[in-house]
Amino acid sequence: MIEIKNITKEYFTGAGFKISVLKDITLKVVDKKITSVIAPSGSGKSTLLKIISGLEEPTSGVVVNPSAQKIILIPTAPSSFPWLNVFDNVKFGLNKYVEKQIQLLINLVGLEGYNTFHCNNRSLGFRFRISLARSLAHNPAAILLDEPFIEMNTQTKNEMLLLIREINKTLGITFLITTSNLTEALFLSDKVYLMKKDPGEIISESDIELSTKRDESTYSSESFKQLRNKISSAFEQIESQKLVNLSI
Amino acid sequence: MTKENNPIKKNLIVFSWFMFVYVILFEFILPVNKVIPKPTLLFESFLHIWRDYNLVFAFTTTATIIYLALVSSWIQIYIGVSRYLKYYAYVENSLDSLRFLKYLTIFFFIVIFNFWFPNSLFAEFFFSFIISVFLTAKKLFEESKKVNEGYILVARNLGLSSYDIYEDVYWKASLPALSKYFRSVHYYLWGVVLIYEFIGNSNGLGSIYRIAITYNDFTALFVLAIMISLLIWFGDYLIGLINKKTIHWTA
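Values in this document were obtained by computation on a predicted structure and should not be read as measured data. (Residues numbered from 1 in each chain as written. Chains lettered and ligands numbered in written order. Predicted model: local features only at pLDDT ≥ 70, side-chain atom pairs only at ≥ 80, totals over all residues. Heavy atoms only, no water.)

**Q** An account of the nonpolar core is needed here, citing residue identities and associated values.
**A** In this structure, Phe81(A), Trp83(A), Phe92(A), Ile49(B), Leu55(B), Val169(B) and Leu205(B) are the most contacted members of the largest nonpolar core, which totals 68 residues. Considering each element in turn, this core owes the most residues, 16 residues, to helix 7 (residues 162–200) of chain B. In this structure Val169(B) touches Phe81(A), Trp83(A), Phe92(A), Val147(B), Tyr151(B), Ile152(B), Ala155(B) and Asp164(B), once residues within four positions along its chain are discounted. Counting 45 residues, the second largest nonpolar core, distinct from the first, contains Phe149(A), Met160(A), Ala185(A) and Leu186(A). (Core = buried A, V, L, I, M, F, W, Y, C linked by side-chain atoms within 4.5 Å. Buried < 20%, exposed > 50% of the residue type's maximum accessible area, 1.4 Å probe, protein only. Helix = DSSP H or I, 4+ residues; strand = E, 2+ residues; numbered from the N terminus. Contact = heavy atoms within 4.5 Å.)

**Q** I'd like to hear about helix 1 (residues 7–29) of chain B, residue by residue, with values.
**A** Helix length check: helix 1 of chain B, at 23 residues, gives a terminal C-alpha distance of 32 Å against a target of 33 Å (1.5 Å per residue), a fit within 8%. Residues of helix 1 of chain B that are buried sit in contact with helix 2 (39–52) of chain B. (Expected span 1.5 Å × (residues − 1).)

**Q** Tell me about the environment of Leu94(A), and name the residues and values.
**A** All names here are of chain A. Secondary-structure assignment places Leu94 in the loop between helix 2 (86–90) and helix 3 (99–108). Placed 43 residues apart in sequence, Leu94 and Ala137 show a C-alpha to C-alpha distance of 8.1 Å. Once residues within four sequence positions are removed from consideration, Leu94 is found in contact with Ile102, Ala137 and His138.

**Q** Could you give me a rundown of the pairing of strand 8 (residues 191–196) of chain A, with the residues and numbers involved?
**A** All names here are of chain A. Among the 6 residues that make up strand 8, 6 are buried, leaving the element largely enclosed by the rest of the structure. Going residue by residue along strand 8, you find Lys191, Tyr193 and Met195 tucked away on one face and Val192, Leu194 and Lys196 tucked away on the opposite face as well. Strand direction decides the pairing type here: strand 3 (residues 34–38) and strand 8, joined by 4 bridges, are parallel. The residue bridging Thr35 from the neighbouring strand is Lys191, located in strand 8. Between strand 8 and the antiparallel strand that follows it, strand 9 (residues 201–207), lie 4 residues; Asp198 among them carries a positive phi value of about 55°. (Pairing = 2+ DSSP bridges.)

**Q** Lay out the pattern of salt bridges in plain terms, naming residues and giving numbers.
**A** Applying the stated criterion across every chain yields a total of 17 salt bridges over all chains. Note that Glu205(A) and Lys191(A) form a salt bridge whose closest N and O atoms lie 2.9 Å from each other. Taken as a pair, Glu205(A) in strand 9 and Lys191(A) in strand 8 lie far apart in primary sequence, 14 residues in all. In this structure Lys191(A) comes out as buried when scored by relative accessible area, which is 16%. With a shortest N-O distance of 4.0 Å, Glu27(B) and Lys38(B) are connected by a salt bridge. A residue pair is termed long-range when its members are at least 10 positions apart, and Glu27(B) in helix 1 and Lys38(B) in the loop between helix 1 and helix 2 qualify at 11 residues. Through salt bridges with shared partners, a single ionic network connects Lys191(A), Glu205(A) and Asp207(A). (Salt bridge = Lys/Arg side-chain N within 4 Å of Asp/Glu carboxyl O.)

**Q** Can you lay out the sheet that holds strand 4 (residues 60–64) of chain A for me, pointing to particular residues and giving the numbers?
**A** Residue and element names in this part refer to chain A. Taken together, 3 strands build an open sheet; the order of strands is 2-1-4 and the sheet is antiparallel. Only two strands of the sheet have a single partner each, and these edge strands are strand 2 (18–29) and strand 4. Each strand of the sheet is rotated relative to its neighbour by a mean of 20°, with strand direction disregarded. Note that strand 1 (residues 2–12) and strand 4 share 4 bridges and pair antiparallel. Bridge pairing in strand 4 links Thr8 to Ser60. (Axes fitted to C-alpha atoms, helices over the stretch in contact; angles between N-to-C directions.)

**Q** Before we move on, can you summarise the interface of chain B and chain A with the specific residues and values?
**A** The figure often quoted for interface size is the accessible area lost as the parts come together. The partner chain A presents 23 residues to the 20 residues of chain B that form the contact. Carbon and sulfur atoms supply 65% of the area buried between chain B and chain A, which totals about 1,800 Å² over both sides. Considering only the side of chain B, the residues that lose the most area to chain A are Tyr151(B), Asn157(B) and Leu158(B), jointly responsible for 37% of the buried surface there. Where chain B meets chain A, there are 1 salt bridge. A salt bridge links Lys50(A) to Glu149(B); its shortest N-O distance comes to 3.2 Å. Across the contact surface, chain B and chain A share 8 residue pairs in polar contact (both at pLDDT 80 or more). When contributions to the side of chain B that touches chain A are tallied by element, the ones reaching two or more residues are helix 6 (149–157) and helix 7 of chain B. (Buried area = accessible area lost by both parts, 1.4 Å probe. Polar contact = N/O pair within 3.5 Å; in protein donor to acceptor, adjacent residues only side chain to side chain.)

**Q** So what's going on with the environment of Glu167(B)? Residues and values would help.
**A** Residues and elements named next belong to chain B. As for its position among the elements, Glu167 is in helix 7. Judged by relative accessible area, Glu167 falls into the partly exposed class, the value being 32%. Here the alpha-carbon distance between Glu167 and Ser202, two residues 35 residues apart in the chain, equals 41 Å. Non-local contacts of Glu167, meaning those with residues more than four positions away in its chain, are made with Val81, Ser82 and Lys172.

**Q** Tell me about the packing of aromatic side chains, and name the residues and values.
**A** Residues and elements named next belong to chain B. Here the structure, examined in full by the defined rule, presents 30 aromatic pairs over all chains. Aromatic side chains Trp233 and Tyr237 sit 5.7 Å apart centroid to centroid with 20° between the ring planes, which places their arrangement in the stacked category. One end of the pair is Trp233 and the other is Tyr237, both in helix 9 (residues 218–246) and 4 residues apart, which spans about a single turn. Directly above the aromatic system of Phe198 lies the positively charged group of Arg210, at a separation of 5.5 Å from the ring centroid. (Phe/Tyr/Trp six-rings, centres within 6.5 Å; stacked < 30°, edge-to-face > 60°. Lys NZ or Arg CZ within 6 Å of the ring centre and 35° of its normal.)

Structural data, given as structure tokens:
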């Protein structure tokens, strides 16, 4: 389990004003589960993930990763390299690799037969699949997804949601996802944290008590609707609730 | 592509019209003038100029200097990309203070190089090489600031060293814009080298221009211009072809 303990991030503007981005963030990313942080835009979600993945230093607090494996971040912007083909993208950053394993990962994310294809000008879904396979190739302690579906169309987004669930269940991969979309977070997650903005601060956490087998019918189920109402009401307590997207 | 939109056909039609007007105007209506030479005179000059001005040697000298400078500057940038980008981050602010140099103009540097190293082919090559490296590196620095943050985050997150990130991410992401810009470097270098040779008055096509002006050889100026433009066109076509075959992505 990765533990994020009392993370605070502050910085000074050019004019000398102190800006507090994250305040005392504490959360647990449970092994083999999908955890989401739901927060409005501009609340410091990306900063939080950069700190957890070691790309940025917090002002105070620690990230405890008991395993020796890396925590891999998939940023919002497409991050598969357009100058490499699918196979080379997936093995990017590996000093040693087994070709068969790379192939298995490519097949797992649904890119079988696309080894020599380049991702240039291809859909966001295609590029996301590559990023996912590349992250899996590093045998990560957890994969962090920063607003992964924000620019995807509904069909692609639904495919990716199911793919992440499948990878989580079949390979036992731990995911931490940040999103401003409540519906996709509830669909995906086993646990959600709600975070407010100015500064980014966790205001509540909930376990998602839905069936582990989820498909498109989950959205219309009574339990899903009740859960969504319950969590969105938590946001109604604070000013930033309007910024949380409730659409599917 | 429809028949009407065929750009080659369109260009051929425009060119044929241009030639027709040129022949009619300057062969028959204004055969003696100081604006554009008579077509038959131009055609005859195409044959004589090679022998009269030792053009083969001049062409070989100028083209070798330009293309050798271009190729070696590209290799230099490619090999040293990580160092260039790393040190640029350190010296970026100091370089800003050297901006005043641009007001001296390239002409001054050409003159002073000719003054320091008269009649030196190596100095001419070295000057062209420096100009080519400077322009390409400048573009590389500009492009490196525009690289998608996602690529850099991923590379850092996967544990690549800063040198690997410069080579595998910054360089690759900058290549499409850089290779496009390299065509401009090619044009620019032709201009610079011709002026260099014109001022130096010892080697290459630039010095031939100077001789032609000295002898008041009006037709030779045009023949040279046509030959040089054909060579530049061919060089540009070749660079474009290499870009098309090797750089298939947009960053």
